[in-house]
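This is what each chain is made of:
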Amino acid sequence: MRGFSYSEAMSDHVLNVEESLMQSRWVFPDVQQDAVERIVRQHGLPEIIARLLNARGVPESEVESFLYPKLAKHFPDPFRMAGMVDMAEFMAQGVINKRKIGVFGDFDVDGATSTSILVRFFRHLGIEAPFYIPDRLAEGYGPNIKALQSLKDQGAEIVIICDCGITAFDVIAQGRELGLDIIVLDHHEAEDKLPEATHVIDPKRKDDTSGYDMLAACGVSFLACVAINAKLREAGYFEKNGMAEPPLKDWLDIVALGTVCDMVPLTGPNRLFVRYGFERMAQRENPGLKALMDVAKINNDPSTYHAGFAVGPRINAGSRVHQADLGARLLSTDDPEEAKNISWTLNDCNDKRKDIQAEMFAHAVSLVEDEGLHEKPIIIAGHEDWHPGLSGLVAGRLKEKYDKPAVVITWAQGENGVLEGRGSGRSVPGVNMGAAFIDARNAGLLVKGGGHAMAAG
């Protein structure tokens, strides 16, 4: 790359870097120069860092928490979230009264991490909570009545649904008819109407003013545990039972993994979770994470790259080949031998996934270009031979290749033996795909659908 003058680039606000590796033009956004200079002086930062902070909209008062978040100083208050006080009091009473609890989690990394955090929390309290992860291919996304019935048959009186459920109106109503109390812990786009669950926690609720809408479901689940723990402490539960409080900070490695793999913005509490979570992960004290890092040959301190491209894909791989519960089992176990066995199984699943995905992506690119789909504002492609478990990954690859939103549709047999089209989409900044899927469902174009801004299904 040729040399260039920083001052020239700043004065023009545009740097034409035709020789750059990506053959791209760099555009420097306008900034508030007075604010930049104050950030430089007050925090001793290089000007380019101060400019980036200002351009990203980081307030001067939050520079320290953005760059150097501290647990003691910047830990988020879970009770700022709408409905959290009532939910925590309800669950604390449930624990005190020894009510049976079950967990339903989504089949991706965020669902597996959310599930394992809840299972570990209740296990510490002496409650073995059975969990249910749906088969990605046979059951599809979100809760279903068969799963809720299964958890009830295992003794559950309260079912916590994590990383889904915010638009599962009919299924949750059916679950309540079974006599279940249902708690939803989600982070996907919410509608004006909420499901008729016992309690609903979602920072994207229309009435939630916490500012925690960047959280992944694992972050929501973790803060729910923090809130329940606080209510149990207030009730004297730990003292009365001669019990230590759950080691919540020890599970930040699980929170960090889910946060990075769900590709939510690394702003607000997420920065704290990721910073301390990866420090915790480097200690390799979670048997499941340790075993999976060993299998993935991660010998140095794990990074966000390792989470996104080595650990996460292996956890996800199980659900793509009819073994959806492996990830949650791995992260929940304290048995090193079990962790090792599950990790090698997931590694094998991931190898199979790679081969199938490469074929499917090549076919998708051929179809997109032959039919000129890449010339449309949104790429929508589908084929009856494509693997239903890989639609999201291939949509992501198409989005990256063509730099526009992409939806990939596959077909799988539904409960009534009828083939169902199942789509997964990945978006670009400025196009809220979750909201688009909700609108399409409300217009009668989809049977069900939802998600968040960058990914939906």
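Here, residues in each chain are numbered from 1, in the same order as that chain's written sequence. A pLDDT threshold of at least 70 governs which residues receive local features in this predicted model, and a stricter bar of 80 or more applies before side-chain atom pairs are shown or counted, although totals over entire chains, interfaces and linings include all residues. Note that the side-chain values use all heavy atoms of the structure and ignore hydrogens as well as water.

A few points about the overall build of the protein
Within the protein, the regular secondary structure consists of 19 helices and twelve strands. Put simply, the radius of gyration uses C-alpha atoms, and a globule should come to 2.2 Å times the residue count raised to 0.38. Here the protein has a C-alpha radius of gyration of 23 Å; the compact-globule value for 457 residues is 23 Å, and the two agree. When its C-alpha atoms are laid out on the principal axes, the protein stretches across 70 × 55 × 45 Å. Note on classification: 1.4 Å probe, protein chains only; a residue is buried when its accessible area is under 20% of the maximum for its type, exposed when over 50%, partly exposed between these limits. When the 457 residues of the protein are sorted by exposure, 53% land in the buried category. Only heavy atoms enter the contact rule, under which two residues are in contact if any of them lie within 4.5 Å. A separation threshold of at least 6 residues defines the contact pool for the protein, and within that pool the share at least 24 residues apart is 61%. Helix and strand definitions follow DSSP, with helices as H or I runs of at least four residues and strands as E runs of at least two, each counted in order from the N terminus.

Describing the sheet that holds strand β12 (residues 455-456)
Judged by pairing direction, the sheet is mixed, and its five strands sit side by side in the order β8-β9-β10-β12-β11 without closing on themselves. Lying at the two open borders of the sheet, with one neighbouring strand each, are β8 (379-382) and β11 (451-452). Across two bridges, the pairing between strand β10 (residues 419-426) and β12 is antiparallel. Residue pairing across strands places Gly-425 opposite Ala-456, the latter belonging to β12. In this analysis, strands are considered paired if DSSP registers two or more bridges between them.

Re the sheet that holds strand β6 (residues 181-185)
Strands sit in the order β4-β3-β5-β6-β7 across an open sheet of five strands; the sheet is parallel. The outermost strands of the open sheet, each flanked by one partner alone, are β4 (131-132) and β7 (199-201). Relative to strand β5 (residues 158-162), strand β3 (residues 101-105) runs parallel, the two being bridged by five bridges. Considered in β5, the bridge of Gly-105 is made with Cys-162. The strands that helix α6 (residues 84-96) touches are β3, β5, β6 and β7; relative to β7, the one it contacts most, it runs at about 125°. With respect to the sheet, helix α9 (residues 169-177) is in contact with β5 and β6, its orientation differing from that of β6 by roughly 150°. The angle between two axes is taken between their N-to-C directions and runs from 0 to 180 degrees, where each axis is a line fitted to C-alpha atoms and a helix contributes only its stretch in contact.

Side note on the packing of aromatic side chains
Any two of the Phe, Tyr and Trp rings considered here, Trp counted by its six-membered ring, make a pair once their centres fall within 6.5 Å; the pair's planes then place it as stacked at under 30 degrees, edge-to-face at over 60, or tilted in between. Per the stated rule, a full pass over the model turns up seven aromatic pairs. With 5.6 Å between their ring centres and 85° between their planes, Tyr-237 and Phe-238 make a pair best called edge-to-face. For the pair Tyr-237 and Phe-238, one class covers both residues: buried. Pairing Tyr-305 with Phe-309 gives two aromatic rings, centres 5.1 Å apart and planes at 25°, and the pair type is stacked.

Let's talk about the side chain of Ser-221
Mapped onto the secondary structure, Ser-221 falls in helix α10 (residues 217-234). With near-sequence residues (within four places) excluded, Ser-221 lies in contact with Ser-114, Leu-118, Cys-162 and Leu-185.

Looking at the pattern of salt bridges
A side-chain nitrogen of Lys or Arg and a carboxyl oxygen of Asp or Glu constitute a salt bridge if their distance falls within 4 Å. One pass over the structure, following the stated rule, counts 21 salt bridges. Arg-123 is the salt-bridge partner of Asp-334, the closest N and O atoms lying 3.4 Å from each other. With Asp-334 in the loop between α16 (326-332) and α17 (336-370) and Arg-123 in helix α7 (residues 109-124), this residue pair connects regions lying 211 residues apart in the sequence. A residue is classified by how much of its surface remains accessible, and Asp-334, at 47% relative accessible area, is partly exposed. Classification of Arg-123 by relative accessible area gives partly exposed; the value is 26%.

Regarding the confidence of the model for the protein
Per-residue pLDDT for the protein averages 90, and the proportion of residues at 70 or more is 94%. The predictor reports its confidence for every residue as pLDDT, a score running from 0 up to 100. Low confidence marks residues 1-19, where pLDDT is under 50. Its contacts with residues over four positions away, or in another chain, come to 28 contacts.

Considering helix α2 (residues 33-43)
Within the sequence span of α2, burial applies to Ala-35, Val-36 and Ile-39. Viewed along the axis of α2, the buried residues span an arc of 105°, placing them on a single side of the element. Among the exposed residues of α2, those oriented more than 90 degrees off its buried face are Asp-34 and Arg-41. Where α2 is buried, its residues touch α3 (47-55) and α4 (63-67). It is the directions from the helix axis to the C-beta atoms that the arc portrays.

Observations concerning a nonpolar patch on the surface
A patch consists of residues whose relative accessible area exceeds 30% and which take part in no salt bridge; residues with like charges are grouped when within 9 Å of each other, and nonpolar side chains (Val, Leu, Ile, Met, Phe, Trp, Tyr) when within 5 Å. Here, Shrake-Rupley sampling with a 1.4 Å probe gives the accessible areas, and only protein chains in the shown set may cover a residue. Among the surface-exposed residues, Ile-48, Ile-49 and Leu-52 lie close enough to one another that they form a single nonpolar patch of about 210 Å² accessible area. A residue is classified by how much of its surface remains accessible, and Leu-52, at 43% relative accessible area, is partly exposed.

Describing the packing of helix α12 (residues 252-261) against helix α13 (residues 269-282)
In helix packing, the relevant descriptors are the interaxial angle and the interaxial distance, both defined with respect to the helix axes. Two numbers describe how α12 lies on α13: the axes approach to 7 Å, and their chain directions differ by 120°. Taken together, the axis directions place α12 and α13 in an arrangement best described as oblique. Two packed elements cross with a definite hand, and for α12 against α13 that hand is left-handed. Here α12 contributes Leu-252, Asp-253, Val-255, Ala-256, Leu-257, Thr-259 and Val-260 to the contact with α13, which in turn contributes Asn-270, Phe-273, Val-274, Tyr-276, Gly-277, Phe-278, Arg-280 and Met-281. Per-class residue counts for the contact of α12 with α13 are ten nonpolar, three polar and two charged. Any angle from 65 to 115 degrees is called roughly perpendicular, while one under 35 is roughly parallel, one over 145 is roughly antiparallel, and all others are oblique. Helix crossings fall into two classes, left-handed where the near helix is turned counterclockwise from the far one by less than a right angle and right-handed where it is turned clockwise. Gly counts as polar in this scheme, as do all residues outside two lists: the nonpolar Ala, Val, Leu, Ile, Met, Phe, Trp, Tyr, Cys and Pro, and the charged Asp, Glu, Lys and Arg.

Focus on the pairing of strand β9 (residues 406-413)
In this structure, β8 lies alongside β9, joined through four bridges in parallel fashion. The residue bridging Ala-381 from the neighbouring strand is Val-408, located in β9. As judged from the eight bridges shared by β9 and β10, these two strands associate in the antiparallel manner. Residue pairing across strands places Val-408 opposite Ser-424, the latter belonging to β10.

Brief notes about the nonpolar core
Residues Met-91, Phe-122, Leu-185, Phe-222 and Leu-257 are the most contacted members of the largest nonpolar core, which totals 76 residues. Apart from residues no more than four positions distant in its own chain, Phe-222 is found in contact with Phe-75, Ile-117, Leu-248, Leu-252, Val-255 and Phe-273. The term nonpolar core refers to a set of buried residues drawn from Ala, Val, Leu, Ile, Met, Phe, Trp, Tyr and Cys, joined through side-chain atoms within 4.5 Å. Counting residues in hydrophobic clusters, the runner-up holds 19 residues, among them Ala-147, Cys-164, Leu-180 and Val-184.

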